Amino acid sequence: MSQGKFITFEGIDGAGKTTQIEALHAFLRDSGIEVVRTREPGGTPLGEKIRGLLLHEDMDETAETLLFFASRAQHIRDVILPALARGAWVLSDRFTDATYAYQVGGKGCSAQSVLQLEAMVQKGFGPDKTVLFDIDPESAAKRLALSRTADRFEVQGTDFFSRVRKAYLERAAREPERFVVLDASAAPEVITRELLEKAKGWL
Ligand code: Z5A
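This text gives an overview of the structure that appears in the document.

Criteria and cut-off values
- Residues numbered from 1 in each chain as written.
- Predicted model: local features only at pLDDT ≥ 70, side-chain atom pairs only at ≥ 80, totals over all residues.
- Heavy atoms only, no water.
- Helix = DSSP H or I, 4+ residues; strand = E, 2+ residues; numbered from the N terminus.
- Rg over C-alpha atoms; globule rule 2.2 N^0.38 Å.
- Buried < 20%, exposed > 50% of the residue type's maximum accessible area, 1.4 Å probe, protein only.
- Contact = heavy atoms within 4.5 Å.
- Lys, Arg positive; Asp, Glu negative; His and termini not counted.
- Charge placed at Lys NZ, Arg CZ, Asp CG, Glu CD.
- Salt bridge = Lys/Arg side-chain N within 4 Å of Asp/Glu carboxyl O.
- Pairing = 2+ DSSP bridges.
- Axes fitted to C-alpha atoms, helices over the stretch in contact; angles between N-to-C directions.
- Core = buried A, V, L, I, M, F, W, Y, C linked by side-chain atoms within 4.5 Å.
- Polar contact = N/O pair within 3.5 Å; in protein donor to acceptor, adjacent residues only side chain to side chain.

Looking only at helices and strands, the protein chain features 8 helices and 5 strands. The C-alpha radius of gyration of the protein chain comes to 16 Å, within 12% of the 17 Å expected for a compact globule of 203 residues. On the principal axes, the C-alpha backbone points of the protein chain span a range of 45 × 40 × 30 Å. Out of the 203 residues belonging to the protein chain, those deemed buried represent 51%. Put simply, of all contacts in the protein chain between residues at least 6 apart along the chain, 80% involve residues at least 24 apart. With 27 positive and 30 negative side-chain charges, the protein chain shows a separation of 3 Å between the mean positions of the two kinds.

Okay, structure coming up:
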């Protein structure tokens, strides 16, 4: 059985990831590929409990970073690695790039500490490809205001999301082989077309 592929999706809140993950999922399934769709924080029973804490409880920033990695450790062991081993493709709504973008870029946590946690939890494992949905924070906020009530992260201002966006773009520039950056301000069907064009090259 061939190894599957691990694809992650990133971007600031409201960038439109969910909408596009659904489109890629359908395309891969129609191509005869087993797809496991998952998310971070979350993806396992323990991870979903941690997600509830992260999105709604006020907490220290170190505690927050550790909880993201606690959720990730369980996610890798119980969901991601078994799926890849049986040849499935794993589509994850966020992964470790989000910790660098939100906790390091957005909140000023130490990049060195996150690097150490990444090494401890992932032991060199990471995504084959990462799709970054890039959009300016004002446009993303307008979309979210129309669609739902904000959680603990979404109440942050546009300065915070500008820093998160910048951190994502810097990571994408450092790893152009892994990252695909899409203009998330375009119409959904335009973004889907570009995403599926890229995905055809990964098959
Ligand atoms: N977080 C972190 O800080 N550190 C970490 O390590 C990790 C995560 C892993 C998870 O929340 C939070 O955890 C997240 C970062 C932090 N911050 N927050 N909040 P989440 O999973 O609940 O939220 P999210 O990942 O940001 O997803 P989202 O807010 O749902 O955004 P989205 O998936 O990118 O957007 P969407 O739901 O597809 O679309 C939003 C709305 O826009 C919706 O009404 C759509 O119909 C509309 N939309 C979508 N695409 C378009 C286009 N192209 N044009 C116009 N309108 C559109």
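We are not done yet, so read on.
Moving on: the pattern of salt bridges. Pairing of side chains with opposite charge becomes possible as their charged atoms draw close. Applying the stated criterion across every chain, the model contains 15 salt bridges. For lysine 107, the salt bridge goes to glutamate 64, with nearest N and O atoms at 2.9 Å. Within this pair, whereas lysine 107 is found in the loop between helix H4 (96-106) and helix H5 (111-122), its partner glutamate 64 is found in helix H3 (residues 61-85), the two being separated by 43 residues in sequence. In this pair, the class of lysine 107 matches that of glutamate 64, namely buried. Salt bridges sharing partners connect three or more residues here, namely Asp97, Arg171, Glu175 and Arg178.

If you trace the 5 strands from one edge of the open sheet to the other, you get S2-S3-S1-S4-S5, paired in parallel fashion. The open sheet has two free edges, formed respectively by strand S2 (35-39) and strand S5 (179-183), since each of these has just one partner strand. On average, adjacent strands in this sheet sit at an angle of 20 degrees to one another, irrespective of strand direction. Here strand S4 (residues 129-134) runs beside S5; their pairing, made up of 5 bridges, is parallel.

A large share of H4 lies buried, amounting to 10 of its 11 residues. For H4, the set of buried residues is Thr96, Asp97, Ala98, Thr99, Tyr100, Ala101, Tyr102, Gln103, Val104 and Gly106. Looking at the buried side of H4, the elements it contacts are strand S1 (6-11), H3, H5, S4, helix H7 (158-174) and S5. Remark: glycine 108 follows H4 within two positions and exhibits a positive phi of approximately 80 degrees.

Grouped together as the largest cluster of nonpolar side chains are 41 residues, with contacts concentrated most on Leu24 and Tyr102. Of all the elements, H7 adds the most residues to this core, at 6 residues. The contact partners of tyrosine 102, leaving out residues within four places of it in the chain, are Gly11, Ile12, Asp13, Arg94, Lys107, Phe153, Phe160, Phe161, Val164 and Tyr168. Listed in part, the 17 residues of the second largest apolar core include Val36, Ile76, Leu84 and Phe95.

The next point concerns the side chain of glutamine 122. In this structure, glutamine 122 sits in helix H5. For glutamine 122, a relative accessible area of 5% corresponds to the buried category. At 2.5 Å, the side chain of glutamine 122 forms a polar contact with the side chain of threonine 96. Ignoring any residue separated from it by four or fewer positions in sequence, one finds glutamine 122 in contact with Phe69, Arg72, Ile76, Phe95 and Thr96.

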